[in-house]
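Descriptive analysis of the structure
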Amino acid sequence: MKERMRIGDLSERAGVTQRTVRYYEKMGLIPPGEREGSGQHYYTEETVARLRKIDQLKKLGLSLEEIRDVIDLYFMDPSGVQPKQKVLTILKQHLAETDQKIEGLQQFRADLLNNIDRFERWLNEVERQ
């Protein structure tokens, strides 16, 4: 039989709040706890592992929606190849988006410099008159 724990123990072991556990359940990132007759929810070690994996993926820069698309693969593919391929694709998308933002900011900076120069030249001409 799998070791089961209550939400307080789960959140302590995984380093998250109980509110986070409930939110992740609602989002489908972790399975809901098993209910017992008293209404208490119980969780397994796999839920602790999932919560830790979610934290790792967040630290890589994945959104919760992106994590939801990949988290199950980590627990279905023991080789780890499929989930890592999917995460790699997501990270490459993030890089491409970041490069586009940088390019846009560089253009914005160039435009600002041009406008500053134009205004300074105009003001210098007015002052000379």
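Refer to the structure printed above.
Cut-offs and rules
The written sequence of each chain sets the order in which its residues are numbered from 1. Two thresholds apply to this predicted model, a pLDDT of at least 70 for residue-level local features and 80 or more for giving and counting side-chain atom pairs, whereas whole-chain, interface and lining totals are computed over all residues. Excluding hydrogens and water, the side-chain figures rest on all heavy atoms present in the structure. Simply put, an axis is a line fit to the C-alpha atoms, just over the touching stretch for a helix, and the angle between two N-to-C directions goes from 0 to 180 degrees. Numbering of helices and strands runs from the N terminus; a helix is a DSSP stretch of H or I covering at least four residues, while a strand is a stretch of E covering at least two. Geometric relationships in this document are graded by angle, where less than 35 degrees denotes roughly parallel, more than 145 denotes roughly antiparallel, 65 to 115 denotes roughly perpendicular, and other angles denote oblique. The contact definition used throughout considers only heavy atoms, calling two residues in contact when any of these lie within 4.5 Å. Residue polarity follows a fixed list, in which Ala, Val, Leu, Ile, Met, Phe, Trp, Tyr, Cys and Pro are nonpolar, Asp, Glu, Lys and Arg are charged, and the others, Gly among them, are polar. Stacked, tilted and edge-to-face pairs are distinguished by plane angle, under 30 degrees for stacked and over 60 for edge-to-face with tilted covering the rest, among Phe, Tyr and Trp rings (Trp via its six-membered ring) whose centres lie within 6.5 Å. When accessible area is computed with a 1.4 Å probe and restricted to protein chains, residues below 20% of their type maximum are described as buried, those above 50% as exposed, and intermediate ones as partly exposed. Left-handed describes a crossing in which the near helix is turned anticlockwise from the far one by less than a right angle; the clockwise case is right-handed. Buried Ala, Val, Leu, Ile, Met, Phe, Trp, Tyr and Cys residues that are joined via side-chain atoms within 4.5 Å together make up what is termed a nonpolar core.

Some details on the packing of helix 1 (residues 7–14) against helix 2 (residues 18–27)
At their nearest, the axes of helix 1 and helix 2 sit 9 Å apart, and the two run at 100° to each other. In terms of axis orientation, helix 1 runs roughly perpendicular to helix 2. Contact with helix 1, carried on its side by Ile7, Gly8, Leu10 and Ser11, involves Gln18, Val21 and Arg22 of helix 2 and no other residues of that element. Residue composition of the contact of helix 1 with helix 2, grouped by class: three nonpolar, three polar and one charged.

Focus: the packing of aromatic side chains
Counting across every chain of the model gives one aromatic pair. Judged by centre distance (6.4 Å) and plane angle (45°), the rings of Tyr23 and Tyr24 are tilted. A relative accessible area of 45% places Tyr23 in the partly exposed class. Its relative accessible area of 5% is what places Tyr24 among the buried residues.

Notes on the packing of helix 2 against helix 4 (residues 64–76)
Pairs of packed helices are described in terms of their axes, by the angle between the two and the distance that separates them. Where helix 2 meets helix 4, the closest approach of the two axes is 11 Å, and the angle between their N-to-C directions is 65°. It follows that helix 2 is roughly perpendicular to helix 4 by the angle criterion. Seen along the crossing, helix 2 lies across helix 4 with a hand that is right-handed. Residues Tyr23, Tyr24 and Met27 of helix 2 pack against Leu64, Glu65 and Arg68 of helix 4. Of the residues contributing to the contact of helix 2 with helix 4, the split by class is four nonpolar, no polar and two charged.

Structural notes on the nonpolar core
With 24 residues, the main nonpolar core has Val21, Leu51, Ile54, Leu57 and Ile67 as its most contacted residues. Only helix 1, helix 2, helix 3 (45–59), helix 4 and helix 5 (81–128) provide two or more residues apiece to this core. Looking at this core element by element, the count peaks at six residues for helix 4. Not counting the four nearest positions on each side in its chain, Ile54 is found in contact with Tyr24, Leu29, Ile30, Leu64, Ile67 and Ile71.

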